[in-house]
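Commentary on secondary and tertiary structure
As a plain string of letters, each chain reads:
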Amino acid sequence: MCGFAQIINLLVIMDNFIDFIDKKNNYIKLKVNSKVYSLATIFAAGYTFLDKVYILLDKDSKGNIFIFLSPQKKNSNLKKIGLEFFNELLNYSHYFSTSKTNSETIKLILQRALFSANPSMSREVEDKYIDNLIDKELGENKENGKNTLPKKR
Amino acid sequence: MAKIPFLKKDKNGNIIIFLRKNLYSYSIIRGIVKSVEGVHLKSSLKEYFRIKLETKDSKKGLEFCNYLFSEHR
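As a convention, each chain's residues are numbered from 1 in the sequence order in which they are written. To read the labels, note that chains go from A and ligands from 1, taken in the order they are written. For this predicted model, a pLDDT threshold of at least 70 governs which residues receive local features, and a threshold of 80 or more governs which side-chain atom pairs are given and counted, while totals over whole chains, interfaces and linings are taken from all residues.

Next up on the list: the overall build of chain B. A tally of helices and strands in chain B yields 2 helices and 4 strands. Secondary structure elements follow DSSP: runs of H or I no shorter than four residues count as helices, runs of E no shorter than two count as strands, and numbering proceeds from the N terminus. Ordered by position from the N terminus, the helices and strands of chain B form the series β-β-α-β-β-α. Along the first, second and third principal axes, the C-alpha set of chain B runs to 25 × 25 × 20 Å.

Here is the structure:
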């Protein structure tokens, strides 16, 4: 099962590569599978290249996104630019995935920081939490009460 | 200057850019087209937005593409 998953991963990785380099017209076409890198990742990575290259995007029916990079300076190394773009894609993909997994922790830390700055806020939230807990308990008791009605004799 | 597909010239030499509808946002493009003179949008095509720039300079077309890209971030 693990080996099968590795093969699938390898196929997906192989699917993401340089589509072609047009030296005559001075551009490189990259092919990226949208299942591997999201559009947000592509826009974020592309943003860091805006001072070096001109960027245009296209997509096919299979879900592949094509990235056209044309260097602003003449005689630039097209392949190097393409490979650097893939590195940046990986960088942003990692950033987005870690920020997603750490979002709850960051939220908690921020909440604590805010509460320590304003203790009255902490009491308000605590009161609200207790109220909610009481309401929930009362609701459950009502439901249980309905279920445990004495049977008619 | 790069001859990227989707970047064409009409019979008068004006720059025409084709942008995929499922990659570029209509609201962002419309906002730019409204605020910049000499830019025209045709959105009736099935898969692409057709943007016409009243310029013959290909470099300006490419710079417009980069500006659009940065607005999508």
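Back to the text.
A word on the pairing of strand β2 (residues 27-33) of chain A. Residue and element names in this part refer to chain A. A pair of strands is treated as paired once DSSP finds two or more bridges between them. As judged from the 5 bridges shared by strand β1 (residues 17-22) and β2, these two strands associate in the antiparallel manner. Note on β2: the bridge partner recorded for F17 is K31. A loop of 4 residues connects β1 with β2, the two strands running antiparallel in sequence, and N26 in this loop sits at a positive phi of about 60 degrees. In this structure, β2 lies alongside strand β4 (residues 64-71), joined through 6 bridges in antiparallel fashion. The residue of β4 that forms the bridge with K31 is F66.

When you line up the elements, T48 of chain A lands in the loop between α2 (39-47) and β3 (53-59). For the pair T48 of chain A and K29 of chain A, spaced 19 residues apart in sequence, the C-alpha separation works out to 17 Å.

All names here are of chain A. Read across the sheet, 4 strands follow the order β1-β2-β4-β3 without closing on themselves; strand pairing throughout is antiparallel. Lying at the two open borders of the sheet, with one neighbouring strand each, are β1 and β3. Pairs of neighbouring strands in the sheet enclose a mean axial angle of 20 degrees, with direction left out of account. Note on method: axes are straight lines fitted to C-alpha atoms, helices fitted across the in-contact stretch only, with angles between N-to-C directions ranging 0 to 180 degrees.

Before going further, it helps to spend a moment on α2 of chain A. Exposure criterion: with C-beta atoms placed from backbone coordinates, a residue whose C-beta has 20 or more other C-beta atoms within 10 Å is buried, one with 12 or fewer is exposed, and one in between is partly exposed. If you check which residues of α2 of chain A are buried, you get T41, I42, A45 and G46 of chain A. Taken down its axis, α2 of chain A places every buried residue within 130 degrees of arc, on the same side. Think of it this way: build a C-beta for each residue from its backbone, and any pair within 7 Å is a contact. Along its buried surface, α2 of chain A packs onto β2, β3, β4 and α3 (78-101) of chain A together with α2 (58-71) of chain B. To obtain the arc, one takes the directions from the helix axis to the C-beta atoms.

This part covers the interface of chain B and chain A. Listed by partner, the interface residues are 14 residues for chain B and 17 residues for chain A. The greatest single-element share of the side of chain B that touches chain A, amounting to 5 residues, is contributed by α2 of chain B. A per-class count over the side of chain B that touches chain A returns 7 nonpolar, 4 polar and 3 charged. When residue character is reported, Ala, Val, Leu, Ile, Met, Phe, Trp, Tyr, Cys and Pro are called nonpolar, Asp, Glu, Lys and Arg charged, and the others, Gly included, polar.

With that settled, the discussion passes to the packing of α2 of chain A against α3 of chain A. Residues and elements named next belong to chain A. It is the contact of α2 with α3, at a shortest axis distance of 8 Å, that shows an interaxial angle of 125 degrees. Put simply, α2 runs oblique to α3. Judged by the sense of rotation from one axis to the other, the crossing of α2 with α3 is right-handed. Side by side, α2 and α3 meet where A40, T41, I42, A44 and A45 of the first sit next to F85, E88, L89, Y92, S93 and F96 of the second. Should an angle lie under 35 degrees it is considered roughly parallel, over 145 roughly antiparallel, and from 65 to 115 roughly perpendicular; all remaining angles are considered oblique. Left-handed is the label given to a crossing in which the near helix is rotated counterclockwise from the far helix by less than a right angle, and right-handed is the label when the rotation is clockwise.

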